[in-house]
Structure formats: C-alpha cells, structure tokens
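Chain and residue survey
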Amino acid sequence: MAFPLSAGAEVVRAVSEMRASHAVSAHWGSSVPAQGAASLTYDRDTGTIIELVMTIDGTSTDDLAPAGPGGMLGSIHIHNYPQGGPNFFIQQLPGEYEETDTGFVFRVSNWKVEDPIVGPEGGADFVLSEVERGNAYFGLHTNHALCPGNTKDGVAGTCAAPGTALSGHITVLPAPHPDVVAMFSQ
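Residues numbered from 1 in each chain as written. Predicted model: local features only at pLDDT ≥ 70, side-chain atom pairs only at ≥ 80, totals over all residues. Heavy atoms only, no water.

Describing the pattern of salt bridges
For the structure on display, the rule yields 4 salt bridges. Across the salt bridge formed by Asp 125 and Arg 44, the nearest N and O atoms sit 2.8 Å from each other. Linking Asp 125 in helix α2 (residues 123–132) with Arg 44 in the loop between β2 (35–43) and β3 (48–57), this pair joins segments that are 81 residues apart in sequence. Accessibility expressed as a relative area gives 15% for Arg 44, which makes it buried. Note that Arg 133 is salt-bridged to Glu 130, the shortest N-O span being 2.9 Å. (Salt bridge = Lys/Arg side-chain N within 4 Å of Asp/Glu carboxyl O. Helix = DSSP H or I, 4+ residues; strand = E, 2+ residues; numbered from the N terminus. Buried < 20%, exposed > 50% of the residue type's maximum accessible area, 1.4 Å probe, protein only.)

Notes on the nonpolar core
Counting 34 residues, the largest nonpolar core has Ile 49, Leu 52, Met 54, Leu 93, Phe 138 and Leu 140 as the members making the most contacts within it. Secondary-structure elements contributing two or more residues to this core are β1 (11–19), β2, β3, β4 (76–80), β7 (103–112), α2, β8 (136–141) and β11 (164–169). In terms of residue count, α2 provides more of this core than any other element does, 5 residues in total. Excluding residues within four positions of it along the chain, Ile 49 makes contact with Leu 40, Thr 41, Tyr 42, Leu 93, Val 108, Ser 109, Asn 110, Trp 111 and Val 113. By size, the runner-up hydrophobic cluster in this structure holds 6 residues, among which are Val 24, Ala 67, Ile 90 and Tyr 137. (Core = buried A, V, L, I, M, F, W, Y, C linked by side-chain atoms within 4.5 Å. Contact = heavy atoms within 4.5 Å.)

Topic: the packing of aromatic side chains
The way to describe two aromatic rings as a pair is by their centre distance and the angle between their planes. Counted according to the given criterion, the structure contains 4 aromatic pairs. On the basis of an interplanar angle of 40° and a centroid distance of 4.9 Å, the ring pair of Tyr 81 and Tyr 137 is categorised as tilted. With a gap of 56 residues between them, Tyr 81 in the loop between β4 and β5 (90–92) and Tyr 137 in strand β8 connect regions that are remote in the sequence. Tyr 137 gets classed as buried once you look at its relative accessible area, which sits at 0%. Measuring from centroid to centroid gives 6.0 Å for Phe 89 and Phe 126, while their planes differ by 80°, and the two rings are edge-to-face. Here Phe 126 lies in helix α2 and Phe 89 lies in the loop between β4 and β5, a separation of 37 residues in the sequence. For the pair shown, Phe 89 and Phe 126 are each scored as buried. Joined through ring pairs, the aromatic side chains of Tyr 97, Phe 104 and Phe 106 make up one cluster. (Phe/Tyr/Trp six-rings, centres within 6.5 Å; stacked < 30°, edge-to-face > 60°.)

What about the pairing of strand β6 (residues 96–99)?
Pairing analysis gives 4 bridges linking β6 to β7, with the strands arranged antiparallel. Looking at β7, one finds that Glu 96 is bridged to Arg 107. In this structure, the hairpin formed by β6 and β7 is closed by a connection of 3 residues. (Pairing = 2+ DSSP bridges.)

Comments concerning empty space enclosed by the protein
Across all of its chains, the model carries 1 cavity of 30 Å³ or more by this definition. Of the pockets and cavities examined, the largest cavity occupies roughly 40 Å³. Looking at the lining of the largest cavity, the elements with two or more residues in it are β2 and α2. Take the lining of the largest cavity: its biggest share by element is 3 residues, from α2. The class makeup of the residues in the lining of the largest cavity is 8 nonpolar, 1 polar and no charged. (1 Å grid on protein atoms, 1.4 Å probe; cavity = no way out; pocket = protein on both sides within 12 Å on 5 of 7 lines; lining within 4 Å. Points joined across faces, edges and corners; volume = space filled by probe spheres on them. Nonpolar A, V, L, I, M, F, W, Y, C, P; charged D, E, K, R; others polar.)

Quick word on the confidence of the model for the protein chain
Counting all residues, the mean pLDDT for the protein chain is 83, and 79% of those residues have values of 70 or more. Here residues 1–8 scores under 50 on pLDDT; set against residues more than four positions off or in separate chains, the count is 12 contacts. (pLDDT = per-residue confidence, 0-100.)

Section: a nonpolar patch on the surface
A contiguous nonpolar patch, built from Met 72, Ile 117 and Val 118 and spanning about 240 Å² of accessible area, is present on the exposed surface. Turning to its location among the elements, Met 72 is positioned in the loop between β3 and β4. (Patch = residues over 30% accessible without salt bridge, like charges linked within 9 Å, V, L, I, M, F, W, Y side chains within 5 Å. Areas by Shrake-Rupley, 256 points an atom, 1.4 Å probe, with all protein chains shown as cover.)

Listed below in structure tokens is the structure:
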C-alpha cells in the first residue's frame, strides 16, 4: 500500500509484535493464547497517524474489554514504560474492527493524535516522542486477563479493570533512503 507523502513530511514507520509473553502482559499474568502484529505510520510534523493496522489471531472482538473506570479507556491503546511511572500515559486509539476467521484486524486511519486521557502535560507530542525514543508499547485488554494480587468481588486474581492480555513494544524503523521516498511519492 502506498502512503500519502507530502514534500518535507517527516513520516515515521514502526512495528510491534503483540504477545502474552511481552513484559507487560506477562506481568499481568496473561494466559491469552492469541498473538499478532502491528504496523504504524504517522506524520511527525502534523501528529497524524496515517495508518495503524493491528492483526490479532487467536481471540475475537467479543473477548475485548475496555479498561479504566467505566471502560473509559477502551480496549486498545498506547502506553509508555514504566507502567504506572510518573510520566505514564494512556493514549486511547479510536479505530475500527474487522472480524477475521481467526481473530480481527484493528485499523486507525488519518487520525490526529490527541492528548492522552491519562498522562503528563505535553500531550500528543509527548506520546509521539516516547514512541520515537523506543519507550512505548501497544496494550490490548480482554475480559479474561488476570491481575496477580488483585481482588474484585472477593475473587483473587481478577481486576477492577481488565489487565493487559497482549502487549508489544513499538519499534521505530529506520527512515528510508531519500531516493526511495522520492520514488514512492511520484
């Protein structure tokens, strides 16, 4: 797929492998057998996600559970490390879901990154800076992720809000050579 590139735009591309064994979801005691991958392309100059495509196999949208008080944070978002640290943020991702035979695809297109619902001052720029520093990950919450040491309704190991079932470090890819960019923008 060709991405719209404007002259002088600072397009950033990143990828992520989503799995239960990632440090964050493993910490939450995830037993979700699903896995997946994500690709992210955004325009740094405008703070716009050009396209995010996350493909998940082994769980369905019926298994997704919104996080946070009253589910205000949705099921899929971007976080930074350390979880719960002083500058920790939760960047809600408004996207569309498409069911597949083995899971689903989550897409966000042409969305200007907003200030995160939870996080320090600096807003959307801080979120993108954390991605570029290699200090961010995707989190996906389902209705059967356990939270070790927590209790809800008297049942040990459950969460007040669902724990992270799948997560994946976001890795920024090296910028392509200018000649390659010129070839695709013609």
